Number of protein chains: 4
Amino acid sequence: MGARQTKSAGRPRSAGKDAAILRAALELLASHGYTRMSLAQVAAAAGVSKSTIHLRWKTKADLLTAALAAARMVDAPPPSGDTRADLTAILDDFAATVERVRGMALIGTCLAEEAHTPELLALLRERTVLPRRALLCHVLEQARDRGEIRPDADLDAAVSVLLGPFYADYMAGRGGRAGWAEDAVDLVLAGLRPTGP
Amino acid sequence: MGARQTKSAGRPRSAGKDAAILRAALELLASHGYTRMSLAQVAAAAGVSKSTIHLRWKTKADLLTAALAAARMVDAPPPSGDTRADLTAILDDFAATVERVRGMALIGTCLAEEAHTPELLALLRERTVLPRRALLCHVLEQARDRGEIRPDADLDAAVSVLLGPFYADYMAGRGGRAGWAEDAVDLVLAGLRPTGP
Amino acid sequence: MGARQTKSAGRPRSAGKDAAILRAALELLASHGYTRMSLAQVAAAAGVSKSTIHLRWKTKADLLTAALAAARMVDAPPPSGDTRADLTAILDDFAATVERVRGMALIGTCLAEEAHTPELLALLRERTVLPRRALLCHVLEQARDRGEIRPDADLDAAVSVLLGPFYADYMAGRGGRAGWAEDAVDLVLAGLRPTGP
Amino acid sequence: MGARQTKSAGRPRSAGKDAAILRAALELLASHGYTRMSLAQVAAAAGVSKSTIHLRWKTKADLLTAALAAARMVDAPPPSGDTRADLTAILDDFAATVERVRGMALIGTCLAEEAHTPELLALLRERTVLPRRALLCHVLEQARDRGEIRPDADLDAAVSVLLGPFYADYMAGRGGRAGWAEDAVDLVLAGLRPTGP
DNA sequence: AATGAATGAGCATTCATTCAT
DNA sequence: AATGAATGAATGCTCATTCAT
């Protein structure tokens, strides 16, 4: 598996073009939004013709879900064992990634298109949101095992509390606030601290 | 009293049409997004001609910012003095309102359009986000004055922690989770509790 | 005749508004052309409402023919008896008037609209072209009577030769050439000089 | 020889469509004028879709300047060496061409649009007016060389006198007058005849 | 008389998609 | 495989004109 299809007849598809198209599509998706971007722009940016795109993906939605699916947006910072430092590192990486790829516009596009093209939001979740949540959850689990957190704590809820301020700040026009990650981590750890003896 | 305008010349503007147009526009903005909705759809839904819309608002962006500005989306539940109950009530009202007006799609549209029509996000902030944050902040201030919260707590950051899980849950596909508001309130109050003697 | 209609009932039409509207209409006709100008622009420039225009003239074509009809664009310089000087004066006045009222654009509009609104060109002829030709013809007649011109000369054709270079120069991008009038007059007078004994 | 392009990729452009579009565009430009004609009319007349037009020319102005540029409106009658006959032939051909392509309406459109789309008039000059003037000037030069015309005559001015009556006649409603060309030629030749010994 | 509201028709342009080479 | 041609369906916006006050 993972292997190429048994060589089909005719000229093979140019390997690099797929990547170039997907990259251009994702870029434009974030910068212009789903409806405002055009396949002509993607084609121009990727240096191919519009037909070449349609040859590979049937529709605009197909292309963009593929682009989102191909995106690799979560890089796990190496865990150190220090709960506070590890959580903060993950959150800072999250914020940095969002900024780097114009993530809030991308997120907005997926939300805005949810009624019309739900695959976009579904893919965004699967590829970027849930993996990052899993990282955070894993750190919290280890902290719980070490007794730094109440054993009955709802860790998924805690993950939402950790990530949430980022979104809330952005919506309030306070995006990019320094120290937001530490603040969130400290508050969660304080709130979930095991009750006294 | 009432200082009635001395009847302006010409045919008066049909009373309900403004409201019908704005309502239709907001509805479509949430359900289709900025670029996918058309003025023709708004006109049809409101039962007026396209020209009537252009008579009142110069451009599509004008209309939609007006629709957003006219939306009344923050209803303050009466404060009871019970910090936990008051915060939870505000957060629950928030979640209910978002659900009622397809708020996440609307938010998504504003985020997606930020680069192209920043007024949308600006208005959303001014009209809905910041007023609700002010309500929460006010409750927290009173709690601090009563000694329920550390005097040096960063209340704005606390507000983001209160609201944030809503967004984070939605992004994770956990939107509508029961008890999210209580969880967030409890965690914040526990995290900000004054340190004992 | 020429007297006002026997006082009709109701509020009389504002006198100045007619003039203001016609002036604005003519101005815009020259500067934007028939189809590119709008009644809204005329209304704004004249300080009235669009409806006020329609109250007086049924259609756009009606208004513009009226505006053209009202225009007074031929001022006869006083004849001196010197054929050469008189002809030159009329031609120079012609050129000056055309420049002052953006006449070539106006002429172009009337020509362009000939198939669709032939009244425009008809009025332009009647009000401006023919009166000026009559002036020139009169001077030539007197010259002929004085024996400066062959008795069998076709004076109407001569008038066209006098005026023509103005148009031909403009079309060639040589509009405003100094001395064009003298040149034309000299050439015509030389060409029509009575043949010697 | 011929240096044939190495067959470009993709479906080749339908041969006749360019010509059909340009012809239809020029026809409509003359009959309706720039602003009154629509691309939909051009498309219908040429039997193509509107998009096909936009594929080839970016804007309406682009299309119409191209149509004007493609028009071949000056056919040089072969020179015979007889000054009077050659000049008359050129002028008659001029009048015939103008009539054939509804030239006065076209000229009117270019004049009317001068403020808004100056390329139209510029192209008309370059493609039709100036070439014809050059023909006339060439004949006059030869006449001068043969001593039929005063050596100090301003030939460009003479060209304007030759062509001018056509415009002036049209403006006066005397367009199509038989013999106008001969009259103009005779008058010019008489006016420019070398002075006797 | 005068005005502002309201509208239907129309316009240039864009775009995702399909065709023909 | 890859490309350029071709198209039908929108879209935001303008305008002359008619309606209601």
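You'll find the structure just up there.
Everything quoted here is computed from the prediction, not taken from an experiment. (Residues numbered from 1 in each chain as written. Chains lettered and ligands numbered in written order. Predicted model: local features only at pLDDT ≥ 70, side-chain atom pairs only at ≥ 80, totals over all residues. Heavy atoms only, no water.)

> Quick one: what's the story with helix α2 (residues 39-46) of chain D, residue by residue and with numbers?
Residue and element names in this part refer to chain D. Looking at α2, one finds that the buried residues are L39, V42, A43 and A46. Along α2, the residues classed as buried sweep out an arc of 100° about the axis, all on the same side. Turned more than 90 degrees off the buried face of α2, the exposed positions are A44 and A45. Packed against the buried residues of α2 are α1 (15-32), α3 (50-56) and α4 (60-70). Residue G47 follows α2 closely and has a positive phi angle near 75°. (Buried < 20%, exposed > 50% of the residue type's maximum accessible area, 1.4 Å probe, protein only. Helix = DSSP H or I, 4+ residues; strand = E, 2+ residues; numbered from the N terminus. Arc of directions from axis to C-beta. Contact = heavy atoms within 4.5 Å.)

> Got a sec to walk through the interface of chain D and chain C? Specific residues and values, please.
Contacts between the two partners involve 45 residues from chain D, matched on the other side by 45 residues from chain C. Contact between chain D and chain C buries roughly 3,500 Å² in total, counting both sides, with carbon and sulfur atoms accounting for 65%. Summed over the three residues of chain D that lose the most area to chain C, namely D:R36, D:M171 and D:L187, the buried surface amounts to 21% of that side. On the surface where chain D and chain C come into contact, there are four salt bridges. For D:R36, the salt bridge is made with C:E113, and the minimal N-O distance between the two is 2.2 Å. Counting every contact that joins chain D to chain C gives 13 residue pairs in polar contact (both at pLDDT 80 or more). Residues of the side of chain D that touches chain C, tallied by class, amount to 24 nonpolar, 10 polar and 11 charged. (Buried area = accessible area lost by both parts, 1.4 Å probe. Salt bridge = Lys/Arg side-chain N within 4 Å of Asp/Glu carboxyl O. Polar contact = N/O pair within 3.5 Å; in protein donor to acceptor, adjacent residues only side chain to side chain. Nonpolar A, V, L, I, M, F, W, Y, C, P; charged D, E, K, R; others polar.)

> Outline the packing of aromatic side chains, supporting the account with residue identities and numerical values.
Inspection of every chain in the model, using the stated rule, returns 16 aromatic pairs over all chains. Aromatic pair B:F166 and B:Y167: ring centres 6.0 Å apart, planes at 80°, arrangement edge-to-face. Residue class for B:Y167 comes out buried when judged on its relative accessible area of 7%. Where D:F94 meets D:F166, the ring centres are 4.8 Å apart and the plane angle is 55°; that geometry is what we call tilted. Of this pair, D:F94 sits in helix α5 (residues 83-100) while D:F166 is found in helix α8 (residues 155-171), placing the two residues 72 residues apart along the sequence. Of the residues examined, D:F94 reaches a relative accessible area of 7% and is grouped as buried. Members of the aromatic cluster, connected to one another through ring pairs, are A:F94, A:F166, A:Y167 and A:W180. Over the face of the ring belonging to A:Y170 we find B:R125, whose NZ or CZ atom lies 6.0 Å from the ring centre. (Phe/Tyr/Trp six-rings, centres within 6.5 Å; stacked < 30°, edge-to-face > 60°. Lys NZ or Arg CZ within 6 Å of the ring centre and 35° of its normal.)

> Explain the packing of helix α1 (residues 15-32) of chain C against helix α6 (residues 103-112) of chain C to me, using residue names and the numbers behind them.
Any two packed helices are characterised by how steeply their axes cross, that is the angle between the axes, and by the distance between the axes. All names here are of chain C. Close contact between α1 and α6 brings their axes to 7 Å; oriented N to C, the two are set at 85°. Viewed along their axes, α1 and α6 adopt a mutual orientation that is roughly perpendicular. Of the residues in α6, those touching α1 at L26, L29 and A30 are A105, L106 and T109. (Axes fitted to C-alpha atoms, helices over the stretch in contact; angles between N-to-C directions. Parallel < 35°, antiparallel > 145°, perpendicular 65-115°, else oblique.)

> Can you break down the layout of surface pockets residue by residue, with the values?
In this structure, the largest pocket occupies an estimated 410 Å³ of space. Taken together, 23 residues line the largest pocket, and the ones lying closest to its centre are A:V98, A:E99, A:M104, A:F166 and A:Y170. Sorting the residues of the lining of the largest pocket by element identifies α1 (15-32), α5 (83-100), α6 (103-112), α8 (155-171) and α9 (180-192) of chain A together with α6 (103-112) of chain B as the ones contributing at least two each. Among the elements that take part in the lining of the largest pocket, α5(A) stands out by supplying four residues, more than any other. (1 Å grid on protein atoms, 1.4 Å probe; cavity = no way out; pocket = protein on both sides within 12 Å on 5 of 7 lines; lining within 4 Å. Points joined across faces, edges and corners; volume = space filled by probe spheres on them.)

> Please set out the protein's contact with DNA strand F residue by residue, giving values where relevant.
Near DNA strand F there are 43 residues, and of these A:R11, A:S51, A:R56, D:S51 and D:T52 occur at the shortest range. Each atom of DNA strand F within 4 Å of the protein was assigned to sugar, phosphate or base; sugar and phosphate come to 62%. At 2.4 Å, a side-chain N or O of A:T52 approaches a phosphate oxygen of DNA strand F. B:K60 is positioned such that a nitrogen or oxygen atom in its side chain is 2.8 Å from a phosphate oxygen of DNA strand F. Listed by contribution, the elements that provide at least two residues to the surface near DNA strand F are α3 (50-56) of chain A, α3 (50-56) of chain B, α3 (50-56) of chain C together with α3 of chain D. Within the surface near DNA strand F, the residues separate by chemical class into 11 nonpolar, 17 polar and 15 charged. (Near = heavy atom within 4 Å.)

> Can you lay out the relation of the copies chain B and chain A for me, pointing to particular residues and giving the numbers?
With an RMSD of 0.4 Å, the fit of chain B onto chain A corresponds to turning through 178° and sliding 0.0 Å along the axis. These values place the two chain copies in the arrangement generated by a two-fold rotation axis. (Least-squares fit on C-alpha atoms with pLDDT ≥ 70 in both.)

All quantities given are derived from atomic positions and should not be read as evidence of function.
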